[in-house]
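Below are the chains, spelled out letter by letter.
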Amino acid sequence: MPSLQEKASEWSGVATTDAFAIDDADLFHNLGLQTFVNLSTNFYNRVYNDEEEWFRSIFAKSEKQNAIQNQYEFLVQRLGGPPLYSHRRGHPALIARHRPFPVTHEAAERWLHHMGQALDTTSDIDDESKVKLMNFFRHTAYFLVAGVEQKDQNLHTPCKDAALKQHPCKNF
Ligand code: HEM
């Protein structure tokens, strides 16, 4: 059975090495905190104004300002900056945190559409950084699609240890 990383690469068209080129790029120090605040604000302004109601509604229960902060703190931390996200929210556990939402292939493409536009219209992001960020976003979006899909399947698969009091499936 293919791993989540393998599925993410296949579905996104981005090889794992290209997705994780961000790890050698020190993007936080090159671009700075304000650029990530601006990118996340730009991105979520687009999401919350999306003409596609089905996509906009995925975010209906989240407060925009909070979503912006969650995202830029995560990006700062993931791209070599201080661990702002984990100080406030704990482990990112992105698959688990996306579990309540319909993270389908279609939703991933819509998310990436807005992120592509946000990257193109946020100042101070050079082309090389843009390519690295987009590869990371594409791969991660499909990693989340694969992860949420797998979690849903696990929920429908009877767990062989379900009789135990401490249900072992809860940590999937
Ligand atoms: C694939 C399509 C995606 C969909 C439909 C989606 C949807 C959502 C929604 C509805 C939220 C809740 C908003 C909030 O309260 O913060 C959220 C949170 C978040 N998303 Fe996504 N997302 C997607 C992809 C991604 C990707 C690619 C990343 C990272 C590269 C990401 C990172 C995050 C983070 C860090 C949070 C905050 C989680 C928290 O602290 O609760 N998402 N996402």
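For the structure, check the block above.
Residues numbered from 1 in each chain as written. Predicted model: local features only at pLDDT ≥ 70, side-chain atom pairs only at ≥ 80, totals over all residues. Heavy atoms only, no water.

J.: Hey, could you run me through the site of the ligand in this one?
T.: Close to the ligand lie 20 residues, the nearest being Asn 70, Tyr 85, Arg 89, His 98 and Trp 111. Between the ligand and Tyr 85, the relevant distance is 2.5 Å, taken from an oxygen atom to a side-chain nitrogen or oxygen of the residue. The contact in question runs from a nitrogen atom of the ligand to an N or O atom on the side chain of Trp 111, over 3.4 Å. A majority-of-atoms criterion places the ligand in the largest pocket. Contributing elements (two or more residues each) for the shell around the ligand: helix H6 (64-78), helix H7 (84-89), helix H8 (94-98), helix H9 (105-121) and helix H10 (127-156). Here the shell around the ligand gets five residues from one element, more than from any other, and that element is H10. Among the residues forming the shell around the ligand, the class breakdown is 14 nonpolar, four polar and two charged. (Near = heavy atom within 4 Å. Polar contact = N/O pair within 3.5 Å; in protein donor to acceptor, adjacent residues only side chain to side chain. 1 Å grid on protein atoms, 1.4 Å probe; cavity = no way out; pocket = protein on both sides within 12 Å on 5 of 7 lines; lining within 4 Å. Sits in = over half its atoms within 2 Å of the grid points. Helix = DSSP H or I, 4+ residues; strand = E, 2+ residues; numbered from the N terminus. Nonpolar A, V, L, I, M, F, W, Y, C, P; charged D, E, K, R; others polar.)

J.: Is there a simple way to think about the coordination of the iron atom of the ligand in this case?
T.: Six octahedral donors around a metal ideally subtend angles of 90 or 180 degrees, whereas four tetrahedral donors ideally subtend 109.5 degrees. If you check the protein contacts of the iron atom of the ligand, you find one donor only, His 98 (NE2), at 2.1 Å. Examined against the element boundaries, His 98 turns out to sit in helix H8. (Donors = N, O, S within 2.8 Å, 3.2 Å for Na, K, Ca; no water.)

J.: Help me out: how do you make sense of the layout of surface pockets in this one?
T.: One way to see where empty space is left: roll a probe the size of a water molecule over the atoms. Taken as a whole, the largest pocket spans an internal volume of roughly 770 Å³. For the lining of the largest pocket, the elements supplying multiple residues, two or more each, are H6, H7, H8, H9 and H10. Ranked by residues supplied to the lining of the largest pocket, first place goes to H6 with six residues. Partitioned by chemical class, the residues of the lining of the largest pocket number 19 nonpolar, six polar and three charged. There is about 250 Å³ of room inside the second largest pocket. Lining the second largest pocket are 13 residues, with Phe 74, Arg 78, Leu 94, Thr 140 and Phe 143 positioned closest to its centre. Broken down by element, the residue count for the lining of the second largest pocket peaks at four residues, all from H10. (Points joined across faces, edges and corners; volume = space filled by probe spheres on them.)

J.: Help me understand the pattern of salt bridges in this model?
T.: For side chains bearing opposite charge, pairing can occur when the charged atoms are close. Going through the model one piece at a time under the given rule, you end up with eight salt bridges. Between Arg 110 and Asp 50 there is a salt bridge; the shortest N-O distance is 2.8 Å. Taken together, the positions of Arg 110 in helix H9 and Asp 50 in the loop between helix H4 (33-48) and helix H5 (53-56) put the pair 60 residues apart, joining distant regions of the chain. Of the two residues examined, Arg 110 and Asp 50, each falls in the buried class. (Salt bridge = Lys/Arg side-chain N within 4 Å of Asp/Glu carboxyl O. Buried < 20%, exposed > 50% of the residue type's maximum accessible area, 1.4 Å probe, protein only.)

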